[in-house]
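What follows is the residue order along each chain.
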Amino acid sequence: MRVPLSWLREYVDLPAGESGRDVQAKLISAGLEVETVERLGTGLKGPLVVGKVLTIEELSGFKKPIRFCTVDVGTANGTGEPQEIVCGASNFAVGDKVVVILPGGVLPGNFEISARKTYGRTSHGMICSGAELGMGDDGSHGIIVLPPEHEAGTDAIELLELVDEVLDIAVTPDRGYCLSMRGVAREAAIAYGLPLRDPALLDVPGPNSYGYEVKVSDPIGCDRFTARTVTGLDPEAGSPIWLQRRLQKAGMRPISLAVDVTNYVMLELGQPLHAYDRTRVEGVIGVRRAQPGEKLTTLDGQVRVLDPEDLVITDNRGPIGLAGVMGGADTEIDDAGASTTDVVIEAAHFDPVAIARTARRHKLSSEASKRFERGVDPQAAAAAAQRTVDLLVLLAGGTAEAGVTEVIAPSAPHTITIPADHPDKVAGMAYGRETVVRRLQQVGCDVYGADELIVTVPSWRPDLRDPNDLAEEVIRLEGYENLPSTLPNLPSGRGLTESQKLRRRVGRALAGAGYTEVQNYPFLGEPVFDQLGLDADDPRRITVKLANPLSDEEPALRTTMLPGLLHALRRNVGRGAHDLALFETGLVFRPSGEEPAPPRLPVDRRPTDAEIAALDAALPRQPRRVAVVLAGAREQAGWWGQGRPTQWADAIEAGRIVAAEAGVELIVRQDQQAPFHPGRCAALLAVVDGEEVLVGNAGELHPRVIKALHLPERTSAMEVDLDRLERASGGPVVAPRVSTFPVATQDVALVVDGSVPAAEVEGALRSGAGELLESLRLFDIFTGEQIGAGKKSLAYSLRFRAPDRTLTAEEASAARDAAVAAAAERTGAALRGA
């Protein structure tokens, strides 16, 4: 909402020296979001006057029309002689009144005007357009032509109200009353402690039986409809300058007198109105829901197929307007208003939900719909209609017909019972009953009672529904900045859960290993499943669809972490980063497709345990996952030697890092699982309740996936289920005991068949080595003629240590031999060189 300060002063006697910045600070303190204060006319300097065009000489020989004019500017030039001006515009004629800036003047943007020779003539000044004066773009890009009654030499700066300040307020959905000068003026009056001149306080005649006939068939959708008629309008009458300027400052384009008046009253009182050309309306005006298949051509020229939920305005022919959104082309007043002499004025109150749904359904947001869906004062309809009638009679010479039509559905004012000390409890400070009553009365409430207050909410505040809303009004008007800063007292004996601790440990461990954490939206589009190469029956293709997604291209909740991570990887590669290691922790959504429909929970009471359980049963499984993606170099090259590119083993190692934080020893086996390379994919398993359970996969992505997603070659990834790892851990991780005794290191090289996984050999060595084994590391793999075809040599380093003594060479050798014997028995391994 754009609020000109000069217009605001009509309703509140702000201090004379108060600037727009000062008013902004006051309104922000009262809870309004005043984003900017625009200073109009900054740098503008006269003489800027009204001029009368005396002669026009068309100059030829140039690429565009050029006119040499003489203009009467009165005595503004000091001589009284006509001013000679060269102008390139052609939308004015001899005898027109225009705006002229004389030499010595300065236009906005520090554009100084002086006499200068151009197109073979000397131009002593400039004839101005609205854009050059900073009046905004009215779409014409032409010279301002003023009404003929203004005398030549009149100061145009004052006439056109060029110097002003405009507050731009971002009105939140619960403060719809501030989409009007009346609402903002009320807030300003409260903030300054000044009286308000309410523009809605008008003498309005009561309804009678000879007004324009109206029939409301849906009193739920339209609970109030006021109709007034004005006849005999002068079709040549135009909007006066003051009216046009106020509309322009508020961000609206002047169109014609009748339309401008309805827009002006809407901005002033917050009540949207519509003016129908009476000669184009056939019969009774009605309000009803649309019938299936009905169509309407709206004022923007679009033919719209109506929905049965749309609320429409009708006459005997059918729909003539989308109620509360936009009128129809059949009954519009033309832009010039040259053929309209009789108008019917509509001021109605429509259901906010119905209007909001219609505006979204037709993707048709208008100034009217923005106000109706936020809540319009139903009591202001009659006053708005009367204000419109008064302005049309005053400015267009019309006659107001005596007939007044009002169709009103009975309703009672909303009342709230609130303890007088409730705002004190909410704010944590003492306001006292007198302050609470005074502040509630300032916002328009009627307040009765002592310790228990009965508050009648004003009609323009539909957002006030319960005691907490009233408490908020008291708190914001007393000043949020005055609230004390109090830290909550945390109960003792509580802290992070074991799941939260695990997630933090995992994040720290991966960050320490060189990974960067990212956070992606949990949404995806189904085409990504084809890019990942998932089978048609893959359970990851079963998704939860959002009813109102942020993007139509990503309407589903993710079933795997990889799409978002791979998209982040591709985006960073596209911006010049090539060596990347990213990780993310979050929920995935894995529906079975057989979940029951969720129940509708009550809003008038707390749901029962059974209702909550039924709601939980309708939710999909939401396991927590951690995933990594890697590309480029894992180790950088430098003076210390060659670097190393990322490979599938790094993704598996990331899985081990995560499992180690849960105190789980992963079992790694070869696997084939999309989207991984079939020969470079590992299944990550853990023992849960005595059984091996798949907790994730890791490896290098399939080349087709890399090509489809435009990823770097040899991109690798890992994804594991943190919830399953936590169940496999068996409880909190126990810190290892650190022995002060020396370690004994034994290296062994075992020859096995090439098909034997290294993980099986490692498992056999661990089981055979016994409790003295501290760690085991594979440090070399060798294949060649020396060990035979189809064979491979695996070299391991075994570290032995006892917690209570120094191991002897015999003890270390015996443990090593036991490990080798177990490997030989289970995998057929033989010591190399034996």
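Residues numbered from 1 in each chain as written. Predicted model: local features only at pLDDT ≥ 70, side-chain atom pairs only at ≥ 80, totals over all residues. Heavy atoms only, no water.

> Explain the pattern of salt bridges here, please?
A side chain of one charge can pair with a side chain of the opposite charge if their charged atoms are brought near each other. In total, this model carries 55 salt bridges according to the counting rule given. Note that Arg 625 is salt-bridged to Glu 719, the shortest N-O span being 3.1 Å. One end of the pair, Arg 625, is in strand 32 (residues 624–631); the other, Glu 719, is in strand 38 (residues 716–721), with 94 residues separating them in the sequence. Each member of the pair, Arg 625 as well as Glu 719, carries the same accessibility label: buried. Between Lys 791 and Asp 753 there is a salt bridge, and its shortest N-O distance comes to 2.6 Å. Remark: Asp 753 occurs in strand 39 (residues 744–753) and Lys 791 occurs in strand 41 (residues 791–800); sequence separation between them is 38 residues. We classify Asp 753 as partly exposed; its relative accessible area is 36%. Here the residues in one salt-bridge network are Arg 175, Glu 187, Arg 461, Asp 463, Glu 473 and Arg 476, joined through shared partners. (Salt bridge = Lys/Arg side-chain N within 4 Å of Asp/Glu carboxyl O. Helix = DSSP H or I, 4+ residues; strand = E, 2+ residues; numbered from the N terminus. Buried < 20%, exposed > 50% of the residue type's maximum accessible area, 1.4 Å probe, protein only.)

> Explain the sheet that holds strand 15 (residues 222–231) to me, please; I cannot follow it from the model alone.
Hydrogen bonds between backbone atoms are what pair the strands of a sheet, whose relative direction is either parallel or antiparallel. What the four strands build is an open sheet, ordered 16-23-15-24; its pairing is antiparallel. Each edge of the open sheet carries a strand with a single partner, namely strand 16 (274–277) and strand 24 (399–408). Here the strands of the sheet are splayed against their neighbours by 20 degrees on average, with no regard to which way each runs. With four bridges joining them, strand 16 and strand 23 (residues 343–350) adopt antiparallel strand pairing. Paired with His 274 across the bridge in strand 23 is Glu 346. Docked against the sheet, helix 9 (residues 381–396) engages strand 15, strand 23 and strand 24, running at close to 15 degrees with respect to strand 15. (Pairing = 2+ DSSP bridges. Axes fitted to C-alpha atoms, helices over the stretch in contact; angles between N-to-C directions. Contact = heavy atoms within 4.5 Å.)

> Before we go on, may I ask you to explain the sheet that holds strand 17 (residues 285–289) in this structure?
If you walk across this open sheet you meet the five strands as 14-17-20-21-22, and the pairing is mixed. Among the strands making up the open sheet, the edge pair consists of strand 14 (214–216) and strand 22 (326–327). Alignment of strand 17 against strand 20 (residues 311–315), held across four bridges, turns out to be antiparallel. Bridge pairing links Val 287 to Ile 313 in strand 20.

> I tried to follow the side chain of His 349 on my own but got confused; where do I start?
Inspection of the secondary structure assignment puts His 349 in strand 23. A polar atom in the side chain of His 349 sits 2.9 Å from the side chain of Asp 223. (Polar contact = N/O pair within 3.5 Å; in protein donor to acceptor, adjacent residues only side chain to side chain.)

> Any chance you could explain the nonpolar core here in plain terms?
Among soluble globular proteins, nonpolar side chains are generally buried collectively. Core analysis: the largest hydrophobic core is formed by 57 residues, its most contacted members being Leu 8 and Leu 27. The dominant element in this core, judged by the number of residues it contributes, is helix 6 (residues 257–269), at nine residues. Excluding residues that lie within four positions of it along the chain, Leu 8 makes contacts with Val 3, Leu 14, Val 23, Met 181, Val 184, Ala 185 and Ala 188. Formed by 31 residues, the second largest nonpolar core is a distinct cluster that contains Ala 581, Leu 630, Ala 659 and Val 695. (Core = buried A, V, L, I, M, F, W, Y, C linked by side-chain atoms within 4.5 Å.)

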